[in-house]
Amino acid sequence: SMQAMKDHLEGKKRVYECEYRIKNINDEYIWFHDIGAVISRTEQNIKLTGIVTDISERKQAEQLIKQSEKRYHSIFKNSISAMLLIDKNGQYLSINPKYTEITGYNEDDILYSSIGVITHPEDVERIKNAIMNALTGELSTYFDQVRLRHKEGQYIWIELNANVHRNVNGEF
């Protein structure tokens, strides 16, 4: 934060902008966003104008999101069940180690390819229909038994338990 102010006063930046925290009288940290600029300069004085905003709630929310993401990634990575994420087109976005153990495919093998690549041809249409129903909102969970081609070539039966996750805008 001091560097942003220094760069501005030296003319390297048109405005200064920074975030910092200050400990209050109750021994709690308060986060601030500070933005401003020099409005006049003489040999003896520099006049600044700016806005300082308390961003403590935003910082707390960011921290909660980070903790939630860390828990999610830990659950995903360490699950005893095979887990995968696909996009609305049925392309793999992520798989966990258990998925690799069961199918033989690692992320480098499968990332951004279609689920149809390793799904038995007789099962592909059902999964595609489930994805379409999820996109229209008709489906939020999906249970099925499907066959996946193991990396070594043989088909293996798996029990599929899929959940639809939407962002805050309701998008898949």
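Residues numbered from 1 in each chain as written. Predicted model: local features only at pLDDT ≥ 70, side-chain atom pairs only at ≥ 80, totals over all residues. Heavy atoms only, no water.

*Asks:* Mind showing me how you'd approach the sheet that holds strand 2 (residues 29-41) here?
*Replies:* Pairing between the strands of a sheet comes from backbone hydrogen bonds, and it takes one of two forms, parallel or antiparallel. The sheet built from three strands is open, its strands ordered 1-2-3 with antiparallel pairing. Because the sheet does not close on itself, it has two edges, and the strands there are strand 1 (16-23) and strand 3 (46-54). Between one strand and the next, the sheet's axes are offset by a mean angle of 30°, whatever the strand orientation. Both strand 1 and strand 2 contribute to a ladder of eight bridges, which runs antiparallel. Within strand 2, the residue paired with E19 across the bridge is H33. Contacts from helix 1 (residues 2-9) reach strand 1, strand 2 and strand 3, with the element oriented near 5° to strand 2. (Pairing = 2+ DSSP bridges. Helix = DSSP H or I, 4+ residues; strand = E, 2+ residues; numbered from the N terminus. Axes fitted to C-alpha atoms, helices over the stretch in contact; angles between N-to-C directions. Contact = heavy atoms within 4.5 Å.)

*Asks:* So what exactly am I meant to see when it comes to the side chain of H120 here?
*Replies:* By the secondary structure assignment, H120 is in the loop between helix 4 (107-110) and helix 5 (121-136). Classification of H120 as buried rests on a relative accessible area of 15%. When sequence neighbours within four positions are dropped, the list of residues in contact with H120 reads R147 and Y155. (Buried < 20%, exposed > 50% of the residue type's maximum accessible area, 1.4 Å probe, protein only.)

*Asks:* Help me out: how do you make sense of the pairing of strand 7 (residues 155-163) in this one?
*Replies:* It is a general feature of regular strands that their side chains alternate between the two faces of the sheet. As defined by bridge partners, strand 6 (residues 141-149) adjoins strand 7 across nine bridges and the pair is classed as antiparallel. Residue pairing for strand 7: R147 is matched across the bridge by W157. Hairpin connection between strand 6 and strand 7: a loop of five residues separates the two successive antiparallel strands, and G153 in this loop has a positive phi of roughly 115°.

*Asks:* Is there a simple way to think about the nonpolar core in this case?
*Replies:* For soluble globular proteins, nonpolar side chains are generally found buried alongside one another. Among the nonpolar cores identified, the biggest contains 15 residues, and Y92, Y99, I110, I118 and I127 are the most heavily contacted of them. Every element with two or more residues in this core is listed here: strand 5 (92-95), helix 5, strand 6 and strand 7. Among all residues touching I118, those that are not within four sequence positions of it are Y92, Y99, Y105, I110, R147, L148, R149 and Y155. (Core = buried A, V, L, I, M, F, W, Y, C linked by side-chain atoms within 4.5 Å.)

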